[in-house]
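Structural features, examined
Residue strings, one per chain:
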Amino acid sequence: MMNDMTPVAVKTTLKDWESDQEVRWCPGCGDYAILKAVQRTLPELGADPAKTVFVSGIGCSSRFPYYMSSYGFHTIHGRAPAFATGIKLANPELDIWLVTGDGDGMSIGGNHTMHFLRRNINSQILLFNNEIYGLTKGQYSPTSREGTPSPTTPLGSVDRPMQPCAFALGAGARFVARGFDTSKNLPEVLKAAHAHQGAAFVEIFQNCIVYNKDRFADFTEKAVADTRQLWLKDGEPMLFNKGTQGLRLNTDHLHLEIVDVVDGDWQAADVLVHDVKNRSVAHMLVELPMADFPVALGVVYDDPKPTYEGAVLAQDEVAREGKQANLAKLFARGQTWTVDAAEDQGPLSNV
Amino acid sequence: MMNDMTPVAVKTTLKDWESDQEVRWCPGCGDYAILKAVQRTLPELGADPAKTVFVSGIGCSSRFPYYMSSYGFHTIHGRAPAFATGIKLANPELDIWLVTGDGDGMSIGGNHTMHFLRRNINSQILLFNNEIYGLTKGQYSPTSREGTPSPTTPLGSVDRPMQPCAFALGAGARFVARGFDTSKNLPEVLKAAHAHQGAAFVEIFQNCIVYNKDRFADFTEKAVADTRQLWLKDGEPMLFNKGTQGLRLNTDHLHLEIVDVVDGDWQAADVLVHDVKNRSVAHMLVELPMADFPVALGVVYDDPKPTYEGAVLAQDEVAREGKQANLAKLFARGQTWTVDAAEDQGPLSNV
Amino acid sequence: MATQVDAGQMDVGSEAGRVTDNTPETVVVRFAGDSGDGMQLTGGQFTLSTALAGNDLATFPDFPSEIRAPQGTLFGVSAFQINFGSTEVSTAGDQPDVLVAMNPAALKVNLADLKPSGLIIADTGEFTKRNLEKAKYEVNPLEDGSLAKWTLLAFDISALTLQAVKPFGLGNKEALRCKNMWTLGLALWMFDRPRQPLIDWLNAKFAKKPILAEANIAALNAGHAYGETAEIGGQVKKLTIEPAPQAPGLYRTITGADAISLGLVAGAQLAELPMFFGGYPITPASAILHNLAKMKEFGVTTFQAEDEIAAIAAAIGASYAGSLGVTSSSGPGIALKGEAMGLAVMAELPLVIINSQRGGPSTGLPTKTEQSDLYQAVYGRNGDTPMPVIAARSPADAFECAIEAVRLAVQFMTPVMLLTDGYIGNAAEPWSVPDPEGFEPFPVSFMSETNNPGGKVLPYKRDEKGVRPWIKPGTPDLMHRIGGIEKAPDTGDLDYSPPVHQLQTDARKAKVDGIAHHVPAQEVSQGTTTGKLALVGWGSTYGAIHQAVRRARAKGLDVSHIHVRHIWPMPANLGDLLKGYDKVIVPEMNTGQFKTVLRDQYLVDAKPLNKVSGQPFTIAELEAAIEAALA
Amino acid sequence: MATQVDAGQMDVGSEAGRVTDNTPETVVVRFAGDSGDGMQLTGGQFTLSTALAGNDLATFPDFPSEIRAPQGTLFGVSAFQINFGSTEVSTAGDQPDVLVAMNPAALKVNLADLKPSGLIIADTGEFTKRNLEKAKYEVNPLEDGSLAKWTLLAFDISALTLQAVKPFGLGNKEALRCKNMWTLGLALWMFDRPRQPLIDWLNAKFAKKPILAEANIAALNAGHAYGETAEIGGQVKKLTIEPAPQAPGLYRTITGADAISLGLVAGAQLAELPMFFGGYPITPASAILHNLAKMKEFGVTTFQAEDEIAAIAAAIGASYAGSLGVTSSSGPGIALKGEAMGLAVMAELPLVIINSQRGGPSTGLPTKTEQSDLYQAVYGRNGDTPMPVIAARSPADAFECAIEAVRLAVQFMTPVMLLTDGYIGNAAEPWSVPDPEGFEPFPVSFMSETNNPGGKVLPYKRDEKGVRPWIKPGTPDLMHRIGGIEKAPDTGDLDYSPPVHQLQTDARKAKVDGIAHHVPAQEVSQGTTTGKLALVGWGSTYGAIHQAVRRARAKGLDVSHIHVRHIWPMPANLGDLLKGYDKVIVPEMNTGQFKTVLRDQYLVDAKPLNKVSGQPFTIAELEAAIEAALA
Ligand SMILES: Cc1ncc(C[n+]2csc(CCOP(=O)(O)OP(=O)(O)O)c2C)c(N)n1
Ligand SMILES: Cc1ncc(C[n+]2csc(CCOP(=O)(O)OP(=O)(O)O)c2C)c(N)n1
Ligand code: SF4
Ligand code: SF4
Ligand SMILES: [Mg+2]
Ligand SMILES: [Mg+2]
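Residues numbered from 1 in each chain as written. Chains lettered and ligands numbered in written order. Predicted model: local features only at pLDDT ≥ 70, side-chain atom pairs only at ≥ 80, totals over all residues. Heavy atoms only, no water.

1. Observations concerning the overall build of chain C
We apply this condition: By definition, any uninterrupted DSSP run of H or I lasting at least four residues is a helix, any uninterrupted run of E lasting at least two residues is a strand, and each is numbered from the N terminus. Note on classification: 1.4 Å probe, protein chains only; a residue is buried when its accessible area is under 20% of the maximum for its type, exposed when over 50%, partly exposed between these limits. The criterion used for residue contact is that any of the two residues' heavy atoms lie within 4.5 Å.
Regarding its fold elements, chain C presents 20 helices and 22 strands. Its C-alpha atoms give chain C principal-axis dimensions of roughly 90 × 60 × 45 Å. Counting all 631 residues of chain C, 69% fall into the buried class. Long-range contacts, defined as pairs at least 24 residues apart, comprise 76% of the intrachain contacts of chain C with a sequence gap of at least 6.

Listed below in structure tokens is the structure:
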């Protein structure tokens, strides 16, 4: 089948994925941890550096491809999904990783991200969300929380931030997941994204230590991990705080609420079992107010649909079936006539 | 309060809203009906033509402003929300109606639509969804259903269409409604949109009789109206088919399902009561598969939040408070020094 | 010393014919009616019949930007003009000899162009009170004597059509739709054209509704018969336009949009590449996307993107992945692509960008023609971002230009802009169907092994022409990274040190400048290589300049015609060539854009001759300019 | 006849000084270190002290595009150069007399520029094995004699700083942060500058952390004391640079980005308009947005849009609604704005577009300077879309240019492009603080009553200058519709008939061309109005050309300097002026863009002199070119 292009596993190590370029992020930037997580994950996927392409826009995060010893294309601001679309349609065998930032992918590039998700092109989209414009020195971004002071909002931003995962769902994404830079679970999330056939959207909270330092510390710090992180697992109850708390669905008002779990009896507490195919719950999970709830992490939604490139290529194949690429015939399509070489230039014959 | 700029009602008639320009849509186009509905609604709102601005992009639908005797700006393809943002910030007293199409607002202009909704700029966005590019002669659009044959998809389109209202919710819209061109309820929907303080997103199904004829006839036709249209009313049960059927929430799988209502006893049938503030149900309503369900029409979601222009202007005001617009002081900000007129050019004094 | 240049198969001294003369050399007919009257179709079919009759011809479709403007309005008038003759024809003609006016609005809008004493054929059935009002006529012009200086042939085509199709029992509306076939029948009679090809075409078109085929054929025959009968009297005679001398071979008619589509496919095949075409609909560029969407068997993948930026970005992505990336738009859409073009220049990836120019600025005149995007093409990018630009001069020429654009793009690893315009795109002319065997293939060879054994691969190592290798991702061992930031020579590693930027800027410029030596030398299309006056044109003004120069030379005036295909870089000999004329005039459908390039590059006193009305130059306008310059 | 033009307060014959001479006229110092070493801040504070000492000065900050590159790397080096003197200074200087190198990488990257026999001050504490490796030094250059041709002053600034700040008990990292103040202290001693302003500044800056203020002050004092003691020995003497002659008045230092912000605010106030600024961050344009975000009390609303297209669209929307719409970006972002500029031209709305140019193409060299967006500014739009273009030549000049841009925009109802560049934007120079009373206001009057009583309002009725009225939505009875489609004169109703498009295209062109008569005549900035050679510059090359011409004239060479602010349309007298010189050279930091405009418009044989290394011209490069041209 056209669509199933499971590549042969290749043996590599983390080292094989490191390019010879000096890494140019600020010391301490969360990007380093993500880079390592990716470089650690790829060997486990049996990925082939020659068949792997990292595509990015512009931003600190978008420097990513330079540091991978695969193929890489650092394009222009916000348009990486469109470049990736062309690459994938031209060669569906390539494994595409799209690296973008909250500015690159959600501000200038929001529309391409949306249509890329809607079309469902098999690939992994890693959105490094540091809630700030790093590369241009700290302006607020569409994901910055209300009140964020920045050079362009000296008195604090006033627009409501967008929620990348809610946006992705609204755009029709079939895979939505979340992680953060230093999380030990990040490789698992990346693997799930890779396993998903279609566009897999992964929001990675990332610490910009220069312009938005520790913005996510309130849930990423070790000390609060238990109470502030809810790691989702398909088929398992939504528990956190070492299993002493969970999320329950309030069916009257249709929202999620926190319940205490006594003696591990989550059924009694009516804790919801995570179903990665439940779209309604996915909506609720990604819209949970961060202040009042633990942050839902891991694979929020995973319900594959046919990919765009698969459909395009299948249609191309059908269209080509039995047809020959005969230029002479193509040129002569439609009504033609022949001028004979006879001396008097006539008569003409209609062919 | 800055934010509350309820204008004085002005007495007008439908005629007052007709411009002197010949209407240039194809005879029979659904746009005519929408034009009339708008021209009928504005007098009822007490709207003032001098304070009303119609802003549009490019497309058949975007010709709309020419036919209104208000102020109007026919801009460029896809960018109307950005123009509207500038207009509103420059003069928040203006009542902005944004007219766009499924190509203009969802394809090239998706990102601006998204950020406009996220920012929540008080205005009415009318998306004329004819599921086709009318003006450029019939290419498929991002809302065209899978398999749509068109000049650019001679064998049928293969990408999954986007759902404008789902997209709007994902973008953070606080008002989402639906109607269709020839519906007698359209003015009511427009009025609700106008009453909403913030960005009100209205998807209007519109018949492009030339390139996508009767695309919506399966639910807009009089004969099927009862069974195929579900008109939502806040606080009222979701009934259709003359009250003999309704929608119930399946709380196990969290989706909506159709139930029969016997003898009008909808409570017994567990029919859901529409709550325009329930976001989860809104998600479900706009994602209902058209084939299996009646089409949810009317106000789906309406839960206002502060507007962007209100917040910006409030912040501007605070920032200006007690400060004078003194150019001389502004020029001399920072460290300055004075060169004295003394003949020997020195000494200098640091001020 | 001046050398005589071959002016083609031109019969010097021929003049556009007159309708009153039974054997004119060329005749211009304009069909005009309501958008709903099917004038474009009528014109298209008349064109085919004319081509089959062996005449040379050129056409000019002119339609409103409204999809279907309300019936009877002035802005809803659609027209199709054809110039055909027994001699070489290269414009759609200045002024029609015959105007077919299907309603009052069509008459009003088109009358001013009609040649004095020309023939008007009008359908009295449409000159109703309501239609006259819509056309803003206070009195019926067919009756008030205001048409006296023309020959008027007015009769009730509507009624005659209804009568002809009565047997088929169509509804009134459907029956009236056959009016255009009735009119066409009359026209075929007038110019002695066979009806059979049309009858075949109608039978094919309405294969599923034979009743409609029959009705239309009946209308066609009725119109033809009307001409044969006495009813027209002595006003108009049957005219015979002899076949034009044509090289033997297979012919068809072709529009510019068709020609570009075929040229791209041919180019990709010659390069042995699959083609990826990323587009976003816009008038008048969409036709190319529509055409290619139907040519999948040639390894073509088309992609309707969410906007023009995505379209070019996807095309660049496809080129990066080893396809021939192509994108196409018109002015406003090309504007959006500028940033991405810069990336293609910087990354040095092949790409063909087609601009089907239309009237500007801004949304401007979407359905009218203009050449006002030349500045944008040559200069319209940030940074020092040189890019080859080619301009097609006619529908048939567009075919060759498309191949040339592909060739330059892949041989020089560069984006190439191909300029065409709404006039070329929509107009049709006879095309001698080429034999694909006759083309020189230019197969691309991707790098398959490292160019630096023992070291890292060097994706930016230039060859003697300054061109880097093309490496397909997926190729083992050649992994590397590219992007839009300045880079070191050879390795392509990020490097924005001062000497490197100087070196790379110079290298990019030298590569593109060097193309001047890899394109054909500039020829003089008509006239002599030195002399008193040269008209230097580009693009779709070709036909008008050609005829104007022909007429002027026939009068003994010392004027030559140079038509430039390679706008940037220009052929290496062009500067010297231009210096051989006392005067240089540059006729353009803009406010003087190509003249800027010429003056800058060659410091010749090129004088602009500009027209920006959304209409092509007439031959007469150019003749007048020549005479004034030589007076 | 040639007339002598005033060359300012120039002391003809003065030369850049030497560090060994105790009373040089000008001195160039470059501070270089790791991005984390605070070199920009050090340079900025040294600049202030220098300004307070009454010297004229110019600066050139040069920093990496990485936010905070890893410590010690070559690409992480940040530098700040200042040229100051007792005479007029107009460039940051060709070659530093003094190079302060805070680590090995800083030495490596900057050494080549240092003047022969110049002074190196190096911090031995940072010349560790690891740092040497990172800088790709195999041996320590401080020790291998490779610096012999310079004067080397190497000592352990790190240790000396640690020692100085020890009493404050800071951590090692924080303590080392005071190194730059130590160095500054030494520099202040060297050039005999007062420390007090700096001490005040430190106290203010660290008001909330007095311990840091004290530590930094201690470091500053220690560096100063180090100079006073015998430790430096005879290698370097304290230098005194006399104050430069300056007109009396109030002064401050200003960067181009500051100046443009102030100029825009002043322009809006003079026009009596609120300002709406729509921007999207991009280097080096963002600074203007940042500045204006803090000036709300001047009726400024700033809007960080989702992208550049939205930024300009919102600005046009605001102009439509009666504000002064302004937008700003750099090349790649300006590329995205092209389509919307076309709409502003078509709709005839005022708008100011600022391009802070950087190195291109594509992402190019975001933090380096270049003048390569002139083509884009003048020609980079589809259609015939004329738009005025103005270029600032220095930070202080940028202030006036911004006002001029506002004036033209509102008085001619047109978008106006203002070109600046990274060099002007970041560099600082002394600025004579203007008195706002001294400006001529140009208040805008919106139309408040119909211009066509009894009929419909005529929003496109032109006045004698070809300008239409500005009508604010919200005004009773003046409702009308505007847009990007071609329109009838006066009414603005849709109309794309041929004569109307010709008329409107001509009218738009005539309006913009006519601006040539409403801008000051072109002056010769130095030299004579006729002669052997003119250097014609624009933008930030001003200083270098000025000094080169000054030196050449001092040598008796017949060369003049013309600097063009109004790039499009150019001043009405410029063509004639240029014809008065035998030779014209156009130095530009691009591959020859302005020369195209000059050659096209005036047919003068303007020769390009180009540099595209991301670095400004040196005076010496231009001097050499002048000598070659006159040899
Ligand atoms: C067309 C264009 N506009 C603006 C920029 C400047 N720019 C570069 S990156 C960036 C935003 C970066 O933010 P984000 O995507 O969040 O990435 P981060 O640096 O935070 O990783 C901007 C505005 C650009 N390079 N090109
Ligand atoms: C930059 C740009 N790209 C493309 C176009 C061509 N164009 C005009 S309208 C349109 C789409 C119209 O579709 P839609 O928004 O659905 O409006 P409709 O005509 O269906 O009402 C397109 C592609 C344009 N005018 N400008
Ligand atoms: S600016 Fe922020 S995101 Fe960018 S490299 Fe530095 S720490 Fe990372
Ligand atoms: S093309 Fe379709 S949408 Fe456009 S005017 Fe005609 S019917 Fe309406
Ligand atoms: Mg970010
Ligand atoms: Mg549509």
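2. Considering the interface of chain D and chain B
A common way to report how large an interface is uses the accessible area buried once the components associate. The line we're drawing: When two parts are brought into contact, each loses some accessible area as probed by a 1.4 Å sphere; the total of that loss over both is the buried area. The working definition used for a salt bridge is a side-chain nitrogen of Lys or Arg within 4 Å of a carboxyl oxygen of Asp or Glu. We call two N or O atoms a polar contact when they sit within 3.5 Å, provided that within protein one can donate a hydrogen and the other can accept it, with sequence-adjacent residues counted only if both atoms are side-chain atoms.
Every contact between the two is made by 74 residues of chain D and, on the other side, 62 residues of chain B. When the buried surface of chain D facing chain B is broken down by residue, Glu 297, Glu 306 and Arg 481 of chain D rank first, second and third, together holding 13% of it. Our count for the contact surface shared by chain D and chain B stands at four salt bridges. Glu 297 of chain D serves as the salt-bridge partner of Arg 333 of chain B, at 3.1 Å between the closest nitrogen and oxygen. In this structure, the connection of chain D to chain B is made through 21 residue pairs in polar contact (both at pLDDT 80 or more). Here the side of chain D that touches chain B takes eight residues from helix 11 (residues 308-320) of chain D, the largest share from any one element.

3. Some points on the coordination of the magnesium ion (ligand 5)
Residues and elements named next belong to chain A. The cut-off we apply is this: Coordination here is defined by N, O and S atoms within 2.8 Å of the metal (3.2 Å for Na, K and Ca), and since water is not considered, a site can look incomplete.
The magnesium ion (ligand 5) binds to the protein through Asp 102 (OD), Asn 130 (OD1) and Ile 132 (O); the donor distances cover 2.1 Å. Considered as a linear motif, the donors of the magnesium ion (ligand 5) on their single chain read D-x27-N-x1-I. For Asn 130, a relative accessible area of 6% gives the class buried. Its relative accessible area of 2% is what places Ile 132 among the buried residues.

4. Some remarks on the environment of Ala 171 of chain A
Residue and element names in this part refer to chain A. Position of Ala 171 among the secondary structure elements: in the loop between helix 5 (164-170) and strand 5 (175-180). On a C-alpha basis, the gap between Ala 171 and Asp 340 in space is 60 Å, while along the polypeptide they are 169 residues apart. Residue contacts for Ala 171: discarding those within four places in its chain leaves Met 114, Leu 117 and Arg 118.

5. A few points about the site of ligand 2
Condition: Here a residue is near a molecule or strand as soon as one of its heavy atoms is found within 4 Å of it. Classes in brief: Ala, Val, Leu, Ile, Met, Phe, Trp, Tyr, Cys and Pro nonpolar; Asp, Glu, Lys and Arg charged; the others, Gly included, polar.
Within the structure, ligand 2 sits among 21 residues, and Cys 60, Ser 61, Asp 102 and Asp 104 of chain B together with Glu 308 of chain C are positioned closest to it. At ligand 2, the nearby residues belong to more than one chain, namely chains B, C and D. Between Cys 60 of chain B and ligand 2, the recorded distance is 2.8 Å, taken from a backbone N or O atom to an oxygen atom. Between ligand 2 and the protein, one listed contact pairs an oxygen atom with a backbone N or O atom of Ile 132 of chain B at 3.0 Å. Tallying contributions element by element places helix 3 (residues 102-108) of chain B first for the shell around ligand 2, with three residues. Looking at the shell around ligand 2 residue by residue, the classes come out as nine nonpolar, eight polar and four charged.

6. Digging into the nonpolar core
Selection rule: Take the buried residues of types Ala, Val, Leu, Ile, Met, Phe, Trp, Tyr and Cys, join any two whose side-chain atoms come within 4.5 Å, and each joined set is a nonpolar core.
Counting 344 residues, the largest nonpolar core has Leu 264 and Phe 594 of chain C together with Leu 264 and Phe 594 of chain D as its most contacted members. Beyond its immediate chain neighbours, meaning those up to four positions away, Leu 264 of chain D contacts Met 275, Phe 277, Ile 288, Leu 292, Val 326, Val 352, Ile 354, Ala 402 and Val 406 of chain D. By size, the runner-up hydrophobic cluster in this structure holds 51 residues, among which are Phe 46, Ala 175, Met 190 and Ala 215 of chain D.

7. Here we look at the site of ligand 3
Ligand 3 sits among Trp 25, Cys 26, Cys 29, Cys 60, Asn 130, Gln 206, Cys 208, Ile 209, Val 210 and Tyr 211 of chain A together with Ile 67 of chain D. Its residues assigned to classes, the shell around ligand 3 shows nine nonpolar, two polar and no charged.

8. Let's talk about the coordination of the magnesium ion (ligand 6)
Every protein donor of the magnesium ion (ligand 6) is accounted for by Asp 102 of chain B (OD), Asn 130 of chain B (OD1) and Ile 132 of chain B (O), and the metal-donor separations fall at 2.1 Å. The sequence pattern formed by the donor residues of the magnesium ion (ligand 6) is D-x27-N-x1-I.

9. Things to note about helix 20 (residues 619-630) of chain C
What counts, and what does not: Expected span of a helix: the number of residues minus one, times 1.5 Å.
For helix 20 of chain C, built from twelve residues, the straight-helix expectation of 16 Å at 1.5 Å per residue is met to within 8% by its first-to-last C-alpha distance of 17 Å. Those residues of helix 20 of chain C that are buried lie in contact with strand 18 (531-537), helix 17 (542-554), strand 19 (559-563), strand 21 (581-588) and strand 22 (606-610) of chain C.

10. Description of the relation of the copies chain B and chain A
The condition that has to hold: The superposition of copies rests on a least-squares fit of C-alpha positions from residues with pLDDT of 70 or more in both.
For the pair chain B and chain A, the best superposition has an RMSD of 0.0 Å and corresponds to a rotation of 180 degrees with a translation of 0.0 Å parallel to the axis. Viewed as a symmetry operation, the transformation between the two copies matches a two-fold axis. Of the residues that chain B buries at the interface, 100% are likewise interface residues in chain A, meaning the two copies contact each other through the same surface.

11. Comments concerning the pairing of strand 3 (residues 95-101) of chain A
Residue and element names in this part refer to chain A. As a reminder of what qualifies: Two strands qualify as a pair provided that DSSP identifies no fewer than 2 bridges between them.
Within strand 3, seven of the seven residues are buried, leaving the element largely enclosed by the surrounding structure. Residues Asp 95, Trp 97, Val 99 and Gly 101 line one face of strand 3 and the alternating positions Ile 96, Leu 98 and Thr 100 line the opposite face, and both faces are buried. Relative to strand 3, strand 1 (residues 52-56) runs parallel, the two being bridged by five bridges. Considered in strand 3, the bridge of Val 55 is made with Leu 98. Relative to strand 4 (residues 123-129), strand 3 runs parallel, the two being bridged by five bridges. Across the sheet, the residue bridging to Thr 100 is Leu 127, located in strand 4.

12. Some thoughts on the sheet that holds strand 10 (residues 255-260) of chain A
Residues and elements named next belong to chain A. A sheet is described by the order of its strands in space; here three strands give the open sequence 8-9-10, paired in antiparallel fashion. Here the strands that pair on one side only, and so sit at the sheet edges, are strand 8 (239-240) and strand 10. Pairing of strand 9 (residues 245-250) with strand 10 involves six bridges; the strand directions are antiparallel. Pairing of Gln 245 across the sheet is with Asp 260, part of strand 10.

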